[in-house]
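Read off the chains here:
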Amino acid sequence: MHFVQYVDNLAKISDDLNAISIIISELDLTDVVGKEDSADIRNFLSGEILRRADTINNISNDIYIGGKEYKKKYQEAMQK
């Protein structure tokens, strides 16, 4: 079942992106861009990364569901 491995790998990537998002949200960029811009940049980057993680989760779910459906159809075909 290769699709299970793909789903597992995508879940790990999504978890990593969530962790990166948390790290970015904690960064202090005030010395570089100022206080207001620092918060805006952190929020933007963190939100973008979280959106990517959500996209990966959706793809992962689609692969898992598709793989289960394929397996079921394959088993039904083999029984005939």
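Not measured: the values here are computed from a predicted model. Every chain is numbered on its own, with residues counted from 1 as its sequence reads. In keeping with the model being predicted, local features are shown solely for residues with a pLDDT of at least 70 and side-chain atom pairs are shown and tallied solely at 80 or more, while totals for entire chains, interfaces and linings include all residues. Excluded from the side-chain calculations are hydrogens and water; all other atoms, namely the structure's heavy atoms, are used.

**Points about the overall build of the protein chain**
Strands are runs of DSSP state E lasting at least two residues, helices are runs of H or I lasting at least four, and both sets are numbered from the N terminus onward. Each helix and strand counted, the protein chain has 3 helices and 0 strands in total. If you list the helices and strands of the protein chain from N to C, you get α-α-α. As defined in this context, the radius of gyration uses C-alpha atoms, and a globule is described by 2.2 Å times the residue total to the power 0.38. In terms of C-alpha radius of gyration, the protein chain reaches 19 Å, well past the compact-globule figure of 12 Å for 80 residues. Expressed along its principal axes, the backbone C-alpha trace of the protein chain runs to roughly 70 × 15 × 10 Å. Among the 80 residues that make up the protein chain, the fraction classed as buried is 21%. Here the analysis covers contacts within the protein chain between residues at least 6 apart in sequence; of these, 67% occur between residues at least 24 apart. Only carbon and sulfur atoms are counted for the fraction: they give 56% of the accessible area of the protein chain, which is about 6300 Å². Neither His nor the chain termini are counted; the positive set is Lys and Arg, and the negative set is Asp and Glu. Charge positions come from single atoms, namely NZ of Lys, CZ of Arg, CG of Asp or CD of Glu. The positive charge centre, built from 10 side chains, and the negative charge centre, built from 14, are 14 Å apart in the protein chain. Exposure classes here rest on a 1.4 Å probe applied to the protein chains alone. A residue is buried below 20% of its type maximum, exposed above 50%, and partly exposed in between. Contact definition: two residues touch when any of their heavy atoms are within 4.5 Å. Accessible surface area values rest on a Shrake-Rupley calculation with a 1.4 Å probe, where residue burial reflects the displayed protein chains alone.

**Observations concerning the nonpolar core**
Proteins that are soluble and globular tend to have nonpolar side chains buried together. Counting 6 residues, the largest nonpolar core consists of Leu10, Leu17, Ile24, Ile49, Ala53 and Ile56. When residues no more than four places from it in sequence are discounted, the contact partners of Ile24 are Arg42, Leu45, Ser46 and Ile49. Nonpolar core, defined: a set of buried Ala, Val, Leu, Ile, Met, Phe, Trp, Tyr and Cys residues in which side-chain atoms within 4.5 Å join the residues together.

**Points about the side chain of Ser14**
Mapped onto the elements of the fold, Ser14 is located in helix H1 (residues 2-26). Ignoring anything within four residues of it in the chain, the contact list for Ser14 reads Ala53, Ile56 and Asn57.

**Points about the pattern of salt bridges**
Whenever Lys or Arg places a side-chain nitrogen within 4 Å of a carboxyl oxygen from Asp or Glu, that contact is recorded as a salt bridge. The final tally for this structure, using the stated rule, is 3 salt bridges. The salt bridge partner of Arg51 is Glu48, with a shortest N-O separation of 2.7 Å. Separated by 3 residues within a single helix, Arg51 and Glu48 lie in helix H3 (residues 35-79), roughly one turn from each other. Two residues, Arg52 and Glu48, come together in a salt bridge whose shortest N-O distance is 3.0 Å. With Arg52 and Glu48 both in helix H3 and 4 residues apart, the pair spans about one turn of that helix.

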